Amino acid sequence: MDLLEQYFNVYLASLIMWGFLMAFLYNLVKKSSKPNNDATIMWLSFIIFFSYLIADPLLNSSIGVEITSNFIGYLVWAFLDFITLAIILFFTSRKSIRSYPAKLYIVVGFSVNMLLFIAMYVDIALFAHYEPWWFWYFYSATVNVMDVMMIIALLCNKDFLGLVRGYNRLRGLLKPEASPKA
């Protein structure tokens, strides 16, 4: 059963990577059908696909690198997510969330995934939990949900979960009140 679960996880990771490839190809075709259209979402899709391609367990095992063989893999994935997030934020620094809701979904997705990778590393390396417990199931479900959320955001570039609306409300609440002029 453990072997079946391990293979399922590896193929699920490859399926997620395939989803990012499809998002990139969809946005590439969309961009090429309207040449004067902005290519931001297409480039975001490519950056994320390339990041996931580098970290893909199936690809890595086929070239002889076992990234999932020990707990260091979680740090590698966290580092790759951090680098990818930094590149995305640099690339989209002048793009508004209002015009590109996918930007917020990607930032949230990568941030959550990165924190979960670090938490899994700490759980295994420092707390020496080697048997599955509720956090491992939470980790597995949440990372996959975040990945699917990012794929959907790249495909539609819409605020389908209301994150942008919530972000704008939170920003409005945190703005200091204007002082009345005397």
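Everything below is about the structure shown above.
Criteria and cut-off values
Residues numbered from 1 in each chain as written. Predicted model: local features only at pLDDT ≥ 70, side-chain atom pairs only at ≥ 80, totals over all residues. Heavy atoms only, no water. Phe/Tyr/Trp six-rings, centres within 6.5 Å; stacked < 30°, edge-to-face > 60°. Helix = DSSP H or I, 4+ residues; strand = E, 2+ residues; numbered from the N terminus. Contact = heavy atoms within 4.5 Å. Buried < 20%, exposed > 50% of the residue type's maximum accessible area, 1.4 Å probe, protein only. Lys, Arg positive; Asp, Glu negative; His and termini not counted. Salt bridge = Lys/Arg side-chain N within 4 Å of Asp/Glu carboxyl O. Expected span 1.5 Å × (residues − 1).

## So, the packing of aromatic side chains
Here's step 1: Considering all chains together, one arrives at 16 aromatic pairs under this definition.
Here's step 2: When the ring of tyrosine 74 is compared with that of tryptophan 77, the centres are 5.7 Å apart and the planes differ by 80 degrees; the resulting orientation is edge-to-face. Placement of the pair is tyrosine 74 and tryptophan 77 together in helix H4 (residues 72-91), with a separation of three residues, close to one helical turn.
Here's step 3: Ring pairs connect the aromatic residues Phe24, Trp43, Phe46 and Phe50, which therefore count as one cluster.

## A look at the environment of proline 101
Here's step 1: Take proline 101: it is sitting in helix H5 (residues 101-126).
Here's step 2: When the C-alpha atoms of proline 101 and arginine 165 are compared, they prove to be 9.7 Å apart, with 64 residues separating the residues in sequence.
Here's step 3: Every residue in contact with proline 101, bar those within four places of it in the chain, is listed here: Asn157, Lys158, Asp159 and Val164.

## Things to note about the side chain of lysine 103
Here's step 1: Looking at the secondary structure, you find lysine 103 in helix H5.
Here's step 2: Of the side chains bearing the opposite charge, aspartate 38 lies closest to the buried lysine 103, which forms no salt bridge; the N-O distance is 11 Å.
Here's step 3: If we ignore the near neighbours within four places in the chain, the residues touching lysine 103 are Leu89, Thr92, Ser93, Lys95 and Ile97.

## Describing helix H1 (residues 2-33)
Here's step 1: The end-to-end C-alpha distance of H1, which contains 32 residues, comes to 46 Å, matching closely the 46 Å that a straight helix rising 1.5 Å per residue would cover.
Here's step 2: Among the residues making up H1, those that are buried are Val10, Ser14, Ile16, Met17, Gly19, Phe20, Ala23, Phe24, Asn27 and Lys31.

## Focus: the environment of tyrosine 167
Here's step 1: Position of tyrosine 167 among the secondary structure elements: in helix H7 (residues 163-174).
Here's step 2: We classify tyrosine 167 as partly exposed; its relative accessible area is 31%.
Here's step 3: The spacing of tyrosine 167 and leucine 104 is 63 residues in sequence and 8.8 Å in space, taken between C-alpha atoms.
Here's step 4: If near-sequence neighbours (up to four positions away) are discounted, tyrosine 167 is found in contact with Ile97 and Leu104.

## Some remarks on unusual backbone geometry
Here's step 1: One non-glycine residue, alanine 128, adopts positive backbone phi at about 55 degrees.
Here's step 2: Assessed through its relative accessible area of 42%, alanine 128 is described here as partly exposed.
Here's step 3: The residue asparagine 157 is not glycine, and still its phi comes out positive at about 50 degrees.
Here's step 4: With relative accessibility at 18%, the residue asparagine 157 sits in the buried group.

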